[in-house]
Amino acid sequence: MSQPALDPCRCPLCGQPNACAMAMPQACDAASGPCWCTRVQFSADLLKQVPEAARNKACICAACGAASVDNTAHNPNQGAGA
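None of the values given here were measured: they were computed from a predicted structure. (Residues numbered from 1 in each chain as written. Predicted model: local features only at pLDDT ≥ 70, side-chain atom pairs only at ≥ 80, totals over all residues. Heavy atoms only, no water.)

Visitor: Please give an account of the pattern of salt bridges that cites residues and values.
Guide: Tallied over the full model, the rule gives two salt bridges. With a shortest N-O distance of 3.2 Å, arginine 55 and glutamate 52 are connected by a salt bridge. (Salt bridge = Lys/Arg side-chain N within 4 Å of Asp/Glu carboxyl O.)

Below is the structure:
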């Protein structure tokens, strides 16, 4: 069974649109600056959840990024370096 084609416009974790301007160059306005995803930092734990085939090829969406931050805030040991 073959794997579905990778869509760089969809979050590799939840499959929802990731709104990444870098993945959608036709939607990117050069005057508006870099995409939102270049101005946030995703936790190492969240990045580890991205399937190998999608790493550095599809952005995590804002909802998954926010959920990760919320989960870390509620569980201070999650995401902490050892």
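After presenting the structure, the write-up continues.
Visitor: Please provide a residue-by-residue account of the packing of aromatic side chains, values included.
Guide: Per the counting criterion, the structure on display carries one aromatic pair. Judged by centre distance (6.3 Å) and plane angle (90°), the ring pair of tryptophan 36 and phenylalanine 42 falls under edge-to-face. Assessed through its relative accessible area of 22%, tryptophan 36 is described here as partly exposed. (Phe/Tyr/Trp six-rings, centres within 6.5 Å; stacked < 30°, edge-to-face > 60°. Buried < 20%, exposed > 50% of the residue type's maximum accessible area, 1.4 Å probe, protein only.)

Visitor: Mind laying out the nonpolar core, listing which residues take part and the relevant values?
Guide: If you look at soluble globular proteins, the nonpolar side chains tend to sit buried side by side. By size, the foremost hydrophobic cluster in this structure holds eight residues: Cys11, Phe42, Leu46, Val50, Ala54, Ile60, Cys61 and Cys64. Among all residues touching cysteine 11, those that are not within four sequence positions of it are Gln16, Asn18, Cys59, Ile60, Cys61 and Cys64. Cys20, Ala21, Cys35 and Cys59 belong to the second largest nonpolar core, which has five residues in total. (Core = buried A, V, L, I, M, F, W, Y, C linked by side-chain atoms within 4.5 Å. Contact = heavy atoms within 4.5 Å.)

Visitor: Go over the confidence of the model for the chain with me, naming the residues and quoting the values.
Guide: The predicted coordinates should not be examined in detail at positions where pLDDT is low. Predicted confidence across the chain gives a mean pLDDT of 77, with 68% of residues reaching 70 or more. Ignoring residues within four places in sequence, the model shows residues 27-31, a span with pLDDT below 50, making one contact including any to other chains. Residue range residues 76-82 is modelled with pLDDT below 50. Its contacts to residues more than four positions away, or to other chains, number four contacts. (pLDDT = per-residue confidence, 0-100.)

Visitor: Which residues make up the environment of serine 43, and what values do they have?
Guide: By the secondary structure assignment, serine 43 is in the segment before helix H1 (44-48). The class of serine 43 is partly exposed, set by a relative accessible area of 25%. Sequence separation of serine 43 and valine 69 is 26 residues, and the distance between their C-alpha atoms is 8.0 Å. Of note is the side chain of serine 43, whose polar atom sits 3.4 Å from the side chain of serine 68. (Helix = DSSP H or I, 4+ residues; strand = E, 2+ residues; numbered from the N terminus. Polar contact = N/O pair within 3.5 Å; in protein donor to acceptor, adjacent residues only side chain to side chain.)

Visitor: Can you tell me about the state of the cysteines, naming the residues and giving the values?
Guide: Counted under the stated rule, the structure contains zero disulfides. A disulfide-free cysteine, cysteine 11 has its sulfur positioned 3.8 Å from the sulfur of cysteine 64, the nearest such atom. The class for cysteine 11 is buried, based on a relative accessible area of 4%. Cysteine 59 takes part in no disulfide bond, and the closest cysteine sulfur, belonging to cysteine 37, lies 3.3 Å away. (Disulfide = S-S within 2.5 Å.)

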